[in-house]
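One-letter residues, chain by chain:
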Amino acid sequence: MRLSRFPLSTTKETPSDAEVVSHQLLLRAGFIRKLGAGLYTWLPIGLRVLKKVENIVREEMDRAGALEVLMPTVQPAELWQESGRWEVMGAEMLRLKDRHKNDFCYAPTAEEVITFHVRQDIRSYRQLPVNYYQIQTKFRDERRPRFGLMRGREFLMKDAYSFHMDADDLSREYYNMREAYIRVFTRLGADFRAVQADSGNIGGAMSEEFHILANSGEDLLAVAEGGTYAANVEAAECKPGGSRAAASAALERVSTPDQKTCEQVSKFLNVPLTGKVKLLVVRAAEGQPHKLIAIALRGDHQLNEIKAGKHPKIASPLTLANPEDVQAAFGCETGYLGPVNCPIPLIADHAAAAVADFVCGANENDHHLKGANWGRDAAEPEVADLRMIAEGDPSPDGVGTIKFYRGIEGGHVFQLGKKYSKAMNLTVLDAQGQAVTPEMGCYGIGVSRLVAAVLEQRHDANGMIWPDSIAPFRVIVCPIGMDKSEAVKTAAEQLYADLTAAGVEVALDDRGQRPGSMFADADLIGIPHRVVIGDKGLANAQFEYKHRRADKAEMIPATAEAVLEKLRG
RNA sequence: CGGGGCGUAGCUCAGCUUGGUAGAGCGCUUGCUUCGGGAGCAAGAGGUCGCAGGUUCGAAUCCUGUCGCCCCGACCA
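## Structural notes on the overall build of chain A
1) Next: Within chain A, the secondary structure is distributed over 16 helices and 30 strands.
2) Next: With 569 residues in all, chain A has 52% of them scored as buried.
3) Next: Taking contacts inside chain A between residues at least 6 apart in sequence as the whole, the part at least 24 apart equals 68%.
4) Next: The centroid of the 68 positive side-chain charges in chain A is displaced by 3 Å from the centroid of its 76 negative side-chain charges.

## Overview of the pairing of strand E23 (residues 439-446)
Looking along a regular strand, one sees the side chains alternate between the two faces of the sheet.
1) Next: Of all eight residues in E23, eight are buried, a share of seventy percent or more.
2) Next: Here strand E8 (residues 154-164) runs beside E23; their pairing, made up of eight bridges, is antiparallel. When the sheet's bridge partners are listed, Ala 160 is paired in E23 with Tyr 443.

## Focus: helix H13 (residues 486-501)
1) Next: End to end, H13 covers 22 Å across 16 residues, agreeing with the expected 22 Å (1.5 Å per residue, within 8%).
2) Next: Turning to H13, its buried residues are Val 488, Ala 491, Ala 492, Leu 495, Tyr 496 and Leu 499. Looking down the long axis of H13, one finds its buried residues gathered within 135° of arc, a one-sided arrangement. Away from its buried face, by an angle of more than 90 degrees, H13 presents the exposed residues Glu 486 and Ala 501.
3) Next: On its buried side, H13 packs onto strand E26 (475-479), strand E27 (506-508), strand E28 (529-533), helix H15 (535-539), strand E29 (542-547) and helix H16 (560-568).
4) Next: For H13, the N-terminal capping position is held by Ser 485, with its side-chain oxygen 3.4 Å away from the main-chain nitrogen of Ala 487.
5) Next: Positive phi appears at Gly 503, one or two residues downstream of H13, with a value of about 85°.

## Section: unusual backbone geometry
1) Next: Each neighbour pair has its own omega, and for Leu 128 with Pro 129 the value is 5°, a cis peptide bond.
2) Next: Relative to the helices and strands, Pro 129 is located in the loop between helix H5 (111-121) and strand E7 (130-139).
3) Next: Here the phi dihedral of Asp 366 falls at roughly 65°; this positive angle occurs in a residue that is not glycine.
4) Next: Residue position: Asp 366 is located in the loop between strand E17 (358-361) and strand E18 (367-372).

## Some details on the sheet that holds strand E5 (residues 95-97)
Strand pairing in a sheet is mediated by backbone hydrogen bonds. Such pairs are either parallel or antiparallel.
1) Next: Reading across the sheet, the three strands line up as E4-E6-E5 and stay open at both edges, with antiparallel pairing between neighbours. Pairing within the sheet leaves two strands with one partner each, and these edge strands are strand E4 (74-76) and E5. Neighbouring strand axes in the sheet, compared pairwise and without regard to direction, differ in orientation by 40° on average.
2) Next: Bridge count for E4 against strand E6 (residues 103-106) is three bridges, and the pairing is antiparallel. Opposite Pro 76, over in E6, you have Phe 104 as the bridge partner.

## Details of helix H2 (residues 44-63)
1) Next: For H2, spanning 20 residues, the distance from its first C-alpha to its last is 28 Å, which sits close to the expected 28 Å at 1.5 Å a residue.
2) Next: All of the buried residues along H2 are Ile 45, Gly 46, Val 49, Leu 50, Lys 52, Val 53, Glu 54, Ile 56, Val 57, Glu 60 and Met 61.
3) Next: Those residues of H2 that are buried are in contact with strand E2 (39-42), E7, E8, helix H6 (167-187), E23 and helix H12 (447-457).
4) Next: Positive phi shows up at Gly 65, right after H2, with a value of about 95°.

## Focus: the sheet that holds E18
1) Next: On the basis of which strands lie adjacent, the open sheet formed by three strands has the order E13-E18-E17 and antiparallel pairing. The two strands at the open ends of the sheet, each matched to only one other strand, are strand E13 (252-255) and E17. Across the sheet, the mean angle from the axis of one strand to that of its neighbour is 30°, orientation sign disregarded.
2) Next: Pairing of E17 with E18, which is carried by three bridges, proceeds in the antiparallel orientation. The residue of E18 that forms the bridge with Gly 361 is His 368.

## Regarding the packing of H2 against H12
1) Next: Between H2 and H12, whose axes approach to 9 Å, the crossing angle comes to 110°. With respect to each other, H2 and H12 are oriented roughly perpendicular. Viewed along their axes, H2 and H12 form a crossing whose handedness is right-handed. Residues Val 49, Leu 50, Val 53 and Glu 54 of H2 pack against Val 447, Ser 448, Leu 450 and Val 451 of H12.
2) Next: Its residues assigned to classes, the contact of H2 with H12 shows six nonpolar, one polar and one charged.

## Considering the domain arrangement of chain A
1) Next: Along its sequence, chain A is organised into domain 1 (48-237 + 403-456), domain 2 (252-384) and domain 3 (475-568).
2) Next: Computed from C-alpha coordinates alone, the two centres of domain 2 and domain 3 are separated by 68 Å.

## Regarding the nonpolar core
It is characteristic of soluble globular proteins that their nonpolar side chains tend to be buried jointly.
1) Next: Ranked by size, the top nonpolar core spans 65 residues in total, and within it Leu 26, Phe 31, Leu 188 and Trp 466 carry the most contacts.
2) Next: In terms of domain composition, this core takes at least three residues from each of domain 1 (48-237 + 403-456) and domain 3 (475-568).
3) Next: Leaving out residues up to four positions away in the same chain, Leu 26 has contacts with Phe 31, Ile 32, Leu 149, Val 451, Ala 452, Leu 455 and Met 464.

## Considering the packing of H13 against H16
1) Next: At a minimum axis separation of 10 Å, H13 and H16 run at an interaxial angle of 50°. One finds that H13 runs oblique with respect to H16. H16 is crossed by H13, and the crossing has right-handed handedness. Of the residues in H16, those touching H13 at Leu 495, Asp 498 and Leu 499 are Ala 560, Val 563 and Leu 564.
2) Next: Of the residues that constitute the contact of H13 with H16, the class distribution is five nonpolar, no polar and one charged.

## Looking at the pattern of salt bridges
1) Next: What the rule picks out here adds up to 44 salt bridges.
2) Next: Here Arg 548 and Asp 523 are joined by a salt bridge, their closest N and O atoms 3.9 Å apart. On the criterion of sequence distance, the pair formed by Arg 548 in the loop between E29 and strand E30 (554-557) and Asp 523 in helix H14 (residues 515-524) is long-range, its members being 25 residues apart.
3) Next: Take Arg 548: its relative accessible area is 5%, and that puts it in the buried class.
4) Next: Several salt bridges share partner residues, and in doing so they unite Glu 59, Glu 60, Arg 63, Arg 183 and Arg 187 into one network.

## So, the side chain of Glu 208
1) Next: In this fold, Glu 208 is placed in strand E10 (residues 207-213).
2) Next: A polar contact of 2.7 Å, which involves the side chain of Glu 208, links it to the side chain of Tyr 174.
3) Next: Each residue touching Glu 208, except ones within four places of it in the same chain, is listed here: Tyr 174, Arg 178, Ala 194, Val 195, Gln 196, Ala 197, Gly 411, His 412 and Val 413.

Conventions used here
- Residues numbered from 1 in each chain as written.
- Chains lettered and ligands numbered in written order.
- Predicted model: local features only at pLDDT ≥ 70, side-chain atom pairs only at ≥ 80, totals over all residues.
- Heavy atoms only, no water.
- Helix = DSSP H or I, 4+ residues; strand = E, 2+ residues; numbered from the N terminus.
- Buried < 20%, exposed > 50% of the residue type's maximum accessible area, 1.4 Å probe, protein only.
- Contact = heavy atoms within 4.5 Å.
- Lys, Arg positive; Asp, Glu negative; His and termini not counted.
- Charge placed at Lys NZ, Arg CZ, Asp CG, Glu CD.
- Pairing = 2+ DSSP bridges.
- Expected span 1.5 Å × (residues − 1).
- Arc of directions from axis to C-beta.
- Polar contact = N/O pair within 3.5 Å; in protein donor to acceptor, adjacent residues only side chain to side chain.
- Axes fitted to C-alpha atoms, helices over the stretch in contact; angles between N-to-C directions.
- Parallel < 35°, antiparallel > 145°, perpendicular 65-115°, else oblique.
- Left-handed = near helix turned anticlockwise from the far one by under 90°.
- Nonpolar A, V, L, I, M, F, W, Y, C, P; charged D, E, K, R; others polar.
- Domains from an automatic or database assignment.
- Core = buried A, V, L, I, M, F, W, Y, C linked by side-chain atoms within 4.5 Å.
- Salt bridge = Lys/Arg side-chain N within 4 Å of Asp/Glu carboxyl O.

Structure (structure tokens):
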């Protein structure tokens, strides 16, 4: 490609409304332009990268045996009403009406549509298993689109849906997809982790997310140092620790005026946070004897709202009680709650239940209790895993110690089970002629998000640093004084022709720019290999070669073969 | 959805407090010089000041409404 006919619109200035590096660079380098909140146009150079990511995903899905289809982005409401999600999905689903006033949505995902088609076409166990995928635009009306491509509203996604006669075959395909994802992320040149995940409201059992590690990531990951365990903190289990020590202290009521937080009380009474038990009050699930329920946590621990929300006695999604209701139930402010004489049902986290001689609120304003003990001062509590895992905790699988990382979710694999096949009456006949409801899996990759996520890892002060696999061009040829020197012009044109003939994607910077701006653009758009051709080098029959990551350039023979050698190496 | 902020040239922003001829830098056009890390000089083009009302002799500036966008929080296959 000749850059004289491939306009780059790069800027020196960083757009003010771009927060994260990837968003800044994508705008500065002219890869994308904003059309509205969470809506971006891909310009020619950016689209080249997006298409390459898309093709890597396509190749690996094909290699894994999945079959590509293309479904409409506008879907009839009836299908969503069948699955029940027309009501469940909130404002994040964009709803439309056609001229006949019929309801539609702009696809946020496609479980319903694919299940509908499989119901039409698949009748026999002989036709299963099958795994259909598409690479298609999705729209989710996020409450708060942000970070450019990382959380856009319209985005490009690869979504795959598999159908199986039984759970074992679903499990087999799940691991098949997992392997395909590992190949995709590896080819993108990304530092990534597959982590255990919460399956959210899409439903299902087994689920893992693929995260690209980056400080700007929106998710927090618990990864075992010295082990293999990795989980999104939302999903990370906490195993019960050691047994509780025997009670040794007497119960004592102490005055703690205006000491409402655990930190304040801990400091005021000079006891460690780990020796305190705190109480949170949340709404109880429907049908529970009391509308509120108390959760006891150790002072240094945080509530895991996802795990707690799944507890059968706790309302889902987890909802904190409002302060008036707490006041009415306990007769004191929220800063002084404790398990001793707790007026409502209580569930304790494992760790909170393992503390002896603890400090807690006295259920009376401005007072706490010291030396409190389960089984003596407070009833032995029901225990559950309710807390957020913490850095330094032992890994739940017993190997290693937990350290936190931030990650950008680039892919997600789920075992859905029968949630949609059942809701939408999908059945096939098995070998005995019996109707069976197939098991489903679903597997997503955020294709456009991956472009930004890779960039979060691969950049420096001068701009982007693409791996060869997804770079907009592999090589950029920068001729110095092309319009002055016939020798430079000839050599540049020859190299351009030779590399092109060799099947290398090469950009020839024939715009007649000064060297400084050529180099600045080449660095900003992140082309991995750069060849500079100037009269000085040509006098010695040499080109100058530099890898985008290298500190310095080196001289190589002035031949296409020498350049190709560098690309191989 | 709650809180905060911003809409002025293609881009980044100043001007608004205290109403009176609409500005700068970058980019763009032309010419000359320059040519190995975003060149210099000179000339030039380019703006319904988001939109709609209102106050006023006069509104980018003050008031009301409205739309859009950004940030923090809550939320999120």
